[in-house]
Amino acid sequence: MTLSEGSTSYPLATLKKSKHGSAVIYELELHNRPDNRLTTDFINDSILPALDAVERDWRADAAKQDGGAAALITYGPRDKDRFYSNGLDLPKAMTTHLFFPRVLNALLGRFLTFPIPTIAAINGHCFAGGFTLALAHDFRVMKQAEGKAQIWCALNEIDFGANLPAGMMAIAKAKITDATALRTIALEGQRIGAQQALQFRIVDEVGKDGQEVVNKAVQIGIKDAPKAKQQAWGLIKAGMYKEAIVELAIDRGNDGLGMHARIGGGAKL
């Protein structure tokens, strides 16, 4: 079944389809309030089904003459532009059977190999698993603001005594290619703002507010959407990120994370 222009609702996400000339832009607003924790229900009932719907719709369009120009953008709730994703609900993740290999890794792998250009419009804080989700996209645009509106990205596992799960580390190594930047982010757990993320080449552009972030993401999508027409975008990515894809596919269960700190209700990974 193909998607009509307009919005499609999922329990914790809203998918919007719009035409920009010959390009189709899909926008996926994630709203597992208050802070878009990546839970099993959120991933399995909203994000992955939305991705499946986008791919089906794109493939149907790509089968038409001169069709298939498309891109996908994700962002957090637009009413506040405060969180892209605050990571995992770690206590739930640690007690959910095979959460890391079967749920989280499935999500990361889906984005890493998605067959059309993907752009993370980082309109709010982006921590731990949420940061890894943004890294799994092809492009990133981040909000640059000051004071209470300022947002941060971080892999902060070091601060509560947790190892980085293998799948998350695989994504970080694939996308943060500068060794100093990776050390700063993964080993020191330093929070980075938009300018430092730009300096580290983690984001491609910055915007002064949530709307500008989304607008710039749409422009990247329109520019690169025609590259999806020949249906090679995902195939080339599969070769580029082969090592990470192999790591994501290894089933380790929830063991071996090296938890050395007591995980409270607010912990995020």
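Right above here is the structure, for reference.
Presented here is an overview of the structure given in this document. (Residues numbered from 1 in each chain as written. Predicted model: local features only at pLDDT ≥ 70, side-chain atom pairs only at ≥ 80, totals over all residues. Heavy atoms only, no water.)

Structural notes on the packing of aromatic side chains
All chains considered together, the criterion is met by two aromatic pairs. Ring geometry for F99 against F100: centres 5.4 Å apart, planes inclined by 90°, an arrangement best described as edge-to-face. Ring geometry for F139 against W233: centres 6.5 Å apart, planes inclined by 40°, an arrangement best described as tilted. A residue pair is termed long-range when its members are at least 10 positions apart, and F139 in strand β8 (residues 139-143) and W233 in helix α9 (residues 233-240) qualify at 94 residues. (Phe/Tyr/Trp six-rings, centres within 6.5 Å; stacked < 30°, edge-to-face > 60°. Helix = DSSP H or I, 4+ residues; strand = E, 2+ residues; numbered from the N terminus.)

Looking at the pairing of strand β2 (residues 13-20)
Put simply, side chains in a regular strand alternate between the two faces of the sheet. Bridge count between strand β1 (residues 6-10) and β2: five bridges; the pairing is antiparallel. Each bridged residue has a counterpart across the sheet, and for S7 the counterpart in β2 is K16. Linking β1 to β2, which pair antiparallel, is a turn of two residues. Of the strand pairs in this sheet, β2 and strand β3 (residues 23-30) are connected by eight bridges, and their pairing is antiparallel. In the strand pairing of β3, S18 is matched with I25. Hairpin connection, β2 to β3: the antiparallel pair is bridged by two residues, and G21 has positive phi, about 65°. (Pairing = 2+ DSSP bridges.)

A word on the packing of helix α5 (residues 166-175) against helix α10 (residues 242-249)
At a minimum axis distance of 8 Å, the contact between α5 and α10 shows a crossing angle of 175°. Classified by the angle between their axes, α5 and α10 sit roughly antiparallel to one another. Judged by residue contacts, A166, G167, A170, I171 and A174 of α5 engage A244, E247 and L248 from α10. For the contact of α5 with α10, a count of residues per class yields six nonpolar, one polar and one charged. (Axes fitted to C-alpha atoms, helices over the stretch in contact; angles between N-to-C directions. Parallel < 35°, antiparallel > 145°, perpendicular 65-115°, else oblique. Contact = heavy atoms within 4.5 Å. Nonpolar A, V, L, I, M, F, W, Y, C, P; charged D, E, K, R; others polar.)

Some thoughts on unusual backbone geometry
With an omega dihedral of 10°, the bond running from R33 to P34 counts as a cis peptide bond. For A128, which is not glycine, the phi dihedral falls at a positive 50°. Structurally, the position occupied by A128 is in the loop between β7 (125-127) and α4 (129-135). Relative accessible area serves as the criterion here: at 0%, A128 is assigned to the buried category. With a phi close to 60°, R201 is a non-glycine residue in the positive phi region. Within the secondary structure, R201 sits in the loop between α7 (194-199) and β10 (205-207). (Buried < 20%, exposed > 50% of the residue type's maximum accessible area, 1.4 Å probe, protein only.)

Focus: helix α1 (residues 40-62)
Taking 1.5 Å per residue as the helical rise, α1 with its 23 residues ought to reach 33 Å, and the 31 Å between its terminal C-alpha atoms agrees with that figure. Of all the bends in α1, the greatest, near 25°, is centred on I47, and the proline P49 appears no more than four residues after it. (Expected span 1.5 Å × (residues − 1). Bend = angle between axes of the 7 residues up to and from the residue.)

Concerning the environment of N156
With respect to the helices and strands, N156 occurs in the loop between β9 (153-154) and α5. Considering only alpha carbons, one finds N156 and R33, 123 residues apart in sequence, at a separation of 21 Å.

Digging into the sheet that holds β7
Strands sit in the order β5-β7-β9 across an open sheet of three strands; the sheet is parallel. Two strands in the sheet have a free side with no partner beyond their single neighbour: β5 (83-85) and β9.

A closer look at the nonpolar core
Nonpolar side chains tend to gather and get buried jointly when the protein is soluble and globular. Counting residues in each nonpolar core, the largest one holds 70 residues, and the members touching the most others are Y26, I47, I122 and I202. In terms of residue count, the dominant contributor to this core is α1 (ten residues). Setting aside residues up to four positions removed in sequence, I47 forms contacts with L28, L30, L38, F42, L107 and F111. Core analysis: the next-biggest nonpolar cluster, separate from the first, contains 14 residues, V141, V213, V214 and A217 among them. (Core = buried A, V, L, I, M, F, W, Y, C linked by side-chain atoms within 4.5 Å.)

Details of the pattern of salt bridges
Oppositely charged side chains are able to pair whenever their charged atoms sit close together. Here the structure, examined in full by the defined rule, presents 13 salt bridges. E55 is the partner of R110 in a salt bridge, and the nearest nitrogen-oxygen pair spans 2.8 Å. Of the two residues, R110 is situated in helix α3 (residues 99-112) and E55 in helix α1; the sequence distance between them amounts to 55 residues. Residues R110 and E55 agree in their burial class; the two are buried. Among the ionic pairs, K229 bridges to D66, the shortest N-O distance being 2.5 Å. Here K229 is found in the loop between α8 (210-224) and α9, whereas its partner D66 is found in the loop between α1 and β4 (70-75), with 163 residues between them in sequence. Since its relative accessible area comes to 58%, D66 is described here as exposed. (Salt bridge = Lys/Arg side-chain N within 4 Å of Asp/Glu carboxyl O.)

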